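Breakdown of the fold
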Amino acid sequence: MVPPRLRSRPGRAQTDTATRRIATRDPLRALHRDRADQVTVFSAHDPREVARPATPENA
């Protein structure tokens, strides 16, 4: 028998993931909005975006 504290809680894990995603997303949006001329926001999951040089022409 597995103790209750060690049992999997998939619903809670999904909620925690969503909360972390939102907590990360909002500051990134603000950074892009306030400093778009100084930073480039891109998806690290997209190989084309990662490979693209970070130059003002590509922003």
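Structural data are supplied above this passage.
Residues take numbers from 1 onward in each chain, read along the sequence in its written order. Two thresholds apply to this predicted model, a pLDDT of at least 70 for residue-level local features and 80 or more for giving and counting side-chain atom pairs, whereas whole-chain, interface and lining totals are computed over all residues. Here the side-chain values reflect all heavy atoms present in the structure, with hydrogen atoms and water set aside.

1. Re the overall build of the chain
Definition in use: Numbered from the N terminus, helices here are DSSP runs of H or I no shorter than four residues, and strands are runs of E no shorter than two. Whether a residue is buried, partly exposed or exposed follows from its accessible area with a 1.4 Å probe, protein chains only, as a fraction of its type maximum: under 20%, in between, or over 50%, in that order. Accessible areas in this description were obtained via Shrake-Rupley with a 1.4 Å probe; residue shielding takes into account the shown protein chains only.
The number of helices and strands found in the chain is two helices and zero strands. Looking at the chain as a whole, 2% of its 59 residues qualify as buried. By element, 56% of the accessible surface of the chain is carried by carbon and sulfur atoms, the whole surface being about 5,600 Å².

2. Digging into the pattern of salt bridges
Pairing is possible between side chains of opposite charge, provided their charged atoms come close. Rules: A side-chain nitrogen of Lys or Arg and a carboxyl oxygen of Asp or Glu constitute a salt bridge if their distance falls within 4 Å.
Under the criterion given, the structure shown has three salt bridges. Asp34 is paired through a salt bridge with Arg33; the nearest N and O atoms lie 3.0 Å apart. Like Asp34, the residue Arg33 is exposed in the burial classification. A salt bridge links Arg48 to Asp46, with the shortest nitrogen-to-oxygen separation between them at 3.4 Å.

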